[in-house]
Amino acid sequence: MAVAAELRASGAEVSFLGTRERIEAELAPAAGYEIDFVKVRGIDRGNPLRATAAAVEALGAVGAARRAIRRRRADVVLGGGGFVTGPAGLGAVLSRTPLVLTEADSHLGLANRLLASRAKRVCLAFPIPGREGGRYLVTGRPVPAAVLRADRAAARERFGIPAEARCLLVMGGSQGARSINLAAIEAFAERGGRDFHVVHLAGRRDFDELDRRLGAARHRDRYTLLAYEPDLGDTLAAADLVLGRSGGSIFEVTAAGRPAILVPYPHATADHQSANAVWMEEAGAALTIRDEELSPERLEAEVGRLLGDEKRLGEMARASGSLARPDAARRIADEILAASSYPADGPKTGLYRSKSAHRRGVRERDRASRRLHFIGIGGAGMSGLALVCRELGATVTGSDRADSSYMERLRGAGVEPVIGHDAANLPEGAEVVVSTAIGEDNPELVLARERGATVTHRGELLAELCAEKRLIAVAGTHGKTTTTAMLVWALRAIGADPAFFVGGEVPGLGADADGAVANAGWGEGQWVIAEADESDASFLRLRPEIAVVTNIEMDHHTRWGSLAELHRAFQDFLAPVEGVAVPADGGLADLTAGKRTLDFDASAPGPAQLPLAVPGRHNLLNARAALTAVELAGLDVDAAGAALADFPGVRRRLELKGERNGARLYDDYAHHPTEVRAALTALRELDPERLIAVFQPHLYSRTKALGEEFGAALALADEVAVLDVYPAREEPVGELAGVSGLQIAQAAAERMGGRTVWWLPSAERAEVALGHRLSPGQILVTIGAGDVFELGEALVADGGQ
């Protein structure tokens, strides 16, 4: 149902195939979908007579499924892995309709094992050994949108649970959960008292019996018994701890970020529920109890212990949230659309026209009639998308909270963005494009949702545009903007004329004769070069032919719970890729199995030894990465390497801003300790008499997580000044309360051996303190992803040459 909603939002027509006896017979019509029925049942392998009867029945169901597929003129069939998938998948194969499969468990079920070799894509909820690469893609399991949107306060009000009280959710409402139902009702209603609330999903089979027992129980207060809850949204939002089996519903649990006590069903096929439980337990998100060890006494003890340990409960909740795959439904929907028969001799026209002009299912999107409103249009990524959409003929509007150089380029292209966010900015009938930085309380977004307007994440729009050409995507924690820009510069020089999306401003990439600054463009060539952003997982929407991975390091701590989780995301990113460029000895070999892979190395020989105009060994690595992608694309590497000698660099990447009192002033976007270290090391190559670093931390979460590392990196300078945190989308509340730039200043001071460290919370104080101290031979560099560059510009304007 979640995938169907995503497909419907993309303009596709969706129908279902199922049986009259199961829940789809109710859910699909209730949601407004048509459904066809087949007669089929699971095969009881323990009973040969029943198994034979079920097999004969399944053969008849294949014919019925095939007729339904033809009658619906289906472009693609999605198999959900249950026993209806067998006939549906065979019907798709026989009717030569593309097939996509999903697997919700930690092993392939019988139907999926039989059909996997005939599927365009098999979308896995879990990584499965031996099922990596090729047609296999780990997407996670889709969860209902209600689970992601549920409001805790409203849910608790519904169940009568005070804000400060603890709550246990018992999920016994599926086949095979009777032991949990009985143990829970005895432990928490019939036995000793408790100081927490219970919401118990009993399932329809056991509800009447449990309801009778609850009515006679001594402790029936603060105990809510339900037969069924369609989406689990409110129940999970209200809970602090979940008790249940470890089937597919654990993905709802992780999407809600809830810790769990799991009791694997002992008779599950291939014992997959035990494997599912291990997945959560190893991440620190769950405690496992074997079914044979389940008792009311054990439950009472374990639940009481966890609900009484606030610290451990919080750690488990964070670990659970780190396993979540909230974009699973969208990613599977993307795979379905990609499988829906593009013309063999034509490009994928994803954004502005239907996937194929003659296909049913995806609505026509004419370039001239498309109206797009960008909320947050002034950012590097959003402005680039807006410029290209405008170039392709769409009507583009937008707003942002402040003016910027990106806004100036938009105005030059005929787009008039509004400064400030207001519901009045939203045009009637416009589709809305947002980035992760836009909160749900943004007035323009609120109005768009009230109107039922299509709301698209910038990552989705980028993926749609990139599907029109052959994609080279550049990913990695550090260096991806410069590497992307170098790659575009090189391909431009050899006549390839790529489309491009760069996360920064690059002088010389403009389409006009003067070679103005640009961050995006729609070239006439067959390639598109795109910077692939892992900060919000939007890079997982891209389907590159060639990928560059510069490095992988923890940077976005609010999105990725661990380095292992981030590595898994990069594995998913690389799953459909044919050729991969990775650093030699970069520790990324585990990500590239089965790929056509080339390593890049700063010490390797190459065209003219790459005499770059931009300083630093890290830029030499970036250039090697770009040229390795050129080689994978089968293009002229020597000519591309020669062209990089003229590459001017990216603005805010070791950008020379000017001089003050004979001192040179640079600016760099570095906002991670590794990047700070690389920038200062590169500036040391210029042999300054004194190197002064002015650092503005970016995000409270990053400052808290990496404060000591920032201090160590800044100690490479001769003198350091630290400003207060640039908050961007965060507030210093909750776990981030009390975090400030002072922590980094203190960490730097501990490592500077008595050299000067300034704590200057504002740029104005920094300008006063540092301006008069500058002299010839010195270098001052402003560092950070916020607005610290304005300090350097002010110093130059106040006394520059």
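All chains use their own residue numbering, which begins from 1 and follows the written sequence. This being a predicted model, a pLDDT of at least 70 is required before a residue's local features are given, and a value of 80 or more before pairs of side-chain atoms are given or counted; all residues contribute to the totals for chains, interfaces and linings. With hydrogens and water excluded, all non-hydrogen atoms of the structure serve as input to the side-chain values.

Enquirer: What is the right way to read the state of the cysteines from this model?
Expert: Where two cysteines share a covalent bond between their sulfur atoms, that bond is called a disulfide. Note on terminology: pairs of cysteine sulfur atoms within 2.5 Å are recorded as disulfides. With the rule as written, the count across this model stands at zero disulfides. Unpaired in terms of disulfides, Cys 123 finds its nearest cysteine sulfur in Cys 466, a separation of 20 Å. By relative accessible area, Cys 123 is classed as buried at 1%. We note that Cys 389 lacks a disulfide partner, and the nearest cysteine sulfur, in Cys 466, lies 11 Å from it. The buried label goes to any residue with under 20% of its type's maximum accessible area, the exposed label to any with over 50%, and the partly exposed label to all in between, with areas taken from a 1.4 Å probe on protein chains only. For Cys 389, a relative accessible area of 0% puts it in the buried group.

Enquirer: What am I meant to see in the environment of Arg 66 here?
Expert: Secondary structure elements follow DSSP: runs of H or I no shorter than four residues count as helices, runs of E no shorter than two count as strands, and numbering proceeds from the N terminus. Turning to its location among the elements, Arg 66 is positioned in helix 3 (residues 48–71). Separated by 29 residues in the primary sequence, Arg 66 and Ser 95 place their C-alpha atoms 6.5 Å from one another. When near neighbours in sequence (up to four residues on either side) are disregarded, Arg 66 contacts Gly 91, Leu 94 and Ser 95. Between two residues, a contact is recorded if the distance between any of their heavy atoms is within 4.5 Å.

Enquirer: Could you clarify how one ought to interpret the pattern of salt bridges in this entry?
Expert: Between side chains of opposite charge, pairing is possible as soon as their charged atoms come close. The rule for a salt bridge is simple: a side-chain nitrogen of Lys or Arg has to be within 4 Å of a carboxyl oxygen of Asp or Glu. For the coordinates displayed, the defined rule picks out 47 salt bridges. Linking Arg 222 and Asp 221 is a salt bridge whose minimum nitrogen-to-oxygen distance equals 3.5 Å. Among the residues examined, Asp 221 registers a relative accessible area of 44% and is labelled partly exposed. Where Glu 428 meets Arg 451, a salt bridge forms, and the shortest distance between an N and an O atom there is 3.3 Å.

Enquirer: Looking at this model, I keep getting lost on the packing of aromatic side chains. Mind explaining?
Expert: Where two aromatic rings form a pair, the distance of their centres and the angle of their planes describe that pair. Aromatic contacts are taken between Phe, Tyr and Trp rings whose centres are within 6.5 Å, Trp giving its six-membered ring; a plane angle under 30 degrees counts as stacked, one over 60 as edge-to-face, and the others as tilted. A full pass over the atoms with the stated rule returns ten aromatic pairs. With centroids separated by 5.8 Å and ring planes inclined at 70°, the aromatic side chains of Phe 188 and Phe 196 adopt a geometry described as edge-to-face. Exposure remark for Phe 188: the relative accessible area of 1% places this residue in the buried category. Geometrically, the ring pair formed by Phe 539 and Phe 573 is stacked, given 4.9 Å between the ring centres and 25° between the ring planes. Taken together, the positions of Phe 539 in the loop between strand 21 (527–531) and strand 22 (546–549) and Phe 573 in helix 21 (residues 563–574) put the pair 34 residues apart, joining distant regions of the chain. Across this residue pair, the class does not change: Phe 539 and Phe 573 are buried. An aromatic cluster is built from Phe 126, Phe 251 and Trp 279, whose rings are joined through pairwise contacts. Any Lys NZ or Arg CZ found within 6 Å of a ring centre and within 35 degrees of that ring's normal is scored as a charge over the ring. Here the guanidinium or amino end of Arg 8 rests over the ring plane of Tyr 33, the centre of that ring lying 4.0 Å away. The ring of Tyr 228 carries Arg 204 above its face, with NZ or CZ at 4.5 Å from the centroid.

Enquirer: Please clarify how unusual backbone geometry should be interpreted in this entry.
Expert: Both trends apply: most residues other than glycine have a negative phi, and most peptide bonds are in trans. Of note, Arg 222 is a non-glycine position whose phi angle comes to about 55°, a positive value. Note on placement: Arg 222 falls in the loop between helix 9 (204–216) and strand 9 (223–226). The backbone phi angle of Leu 654 is positive, close to 50°, even though this residue is not glycine. One can find Leu 654 in the loop between helix 23 (637–643) and strand 25 (655–660).

Enquirer: How do you make sense of the side chain of Glu 252 when you look at a structure like this?
Expert: Here Glu 252 lies in helix 11 (residues 250–255). What makes Glu 252 buried here is its relative accessible area of 8%. In this structure the side chain of Glu 252 is engaged in a polar contact, spanning 2.8 Å, whose partner is the side chain of Arg 141. Look past the residues within four positions of Glu 252 in its chain and what remains in contact with it is Arg 141, Val 143, Pro 144, Val 147, Leu 232 and Leu 236. The definition of a polar contact used here is a pair of N or O atoms within 3.5 Å, where within protein one atom must be able to donate a hydrogen and the other to accept one, and adjacent residues in sequence count solely through side-chain atom pairs.

Enquirer: Sorry if this is basic, but what is going on with the packing of helix 16 (residues 380–391) against helix 19 (residues 458–466) here?
Expert: In a packed pair of helices, the relevant descriptors are the angle between the two axes and the axis-to-axis distance. Working convention: axes come from line fits to C-alpha atoms, limited for helices to the stretch in contact. Angles between N-to-C directions cover 0 to 180 degrees. Put simply, helix 16 and helix 19 touch, their axes get as near as 11 Å, and they point 45° apart. Considering their axes alone, helix 16 and helix 19 lie oblique with respect to each other. Considering how the two elements wind past one another, helix 16 and helix 19 form a crossing that is left-handed. When helix 16 is examined against helix 19, the residues Met 382, Leu 385, Val 388 and Cys 389 are found in contact with a partner set consisting of Arg 458, Leu 461, Leu 462 and Leu 465. Charged residues are taken to be Asp, Glu, Lys and Arg, nonpolar residues to be Ala, Val, Leu, Ile, Met, Phe, Trp, Tyr, Cys and Pro, and polar residues to be all remaining types, Gly included. Its residues assigned to classes, the contact of helix 16 with helix 19 comprises seven nonpolar, no polar and one charged. In these notes the angle categories are as follows: under 35 degrees is roughly parallel, over 145 is roughly antiparallel, 65 to 115 is roughly perpendicular, and the rest is oblique. Rotating anticlockwise by less than a right angle from the far helix to the near helix defines a left-handed crossing, while the corresponding clockwise rotation defines a right-handed one.

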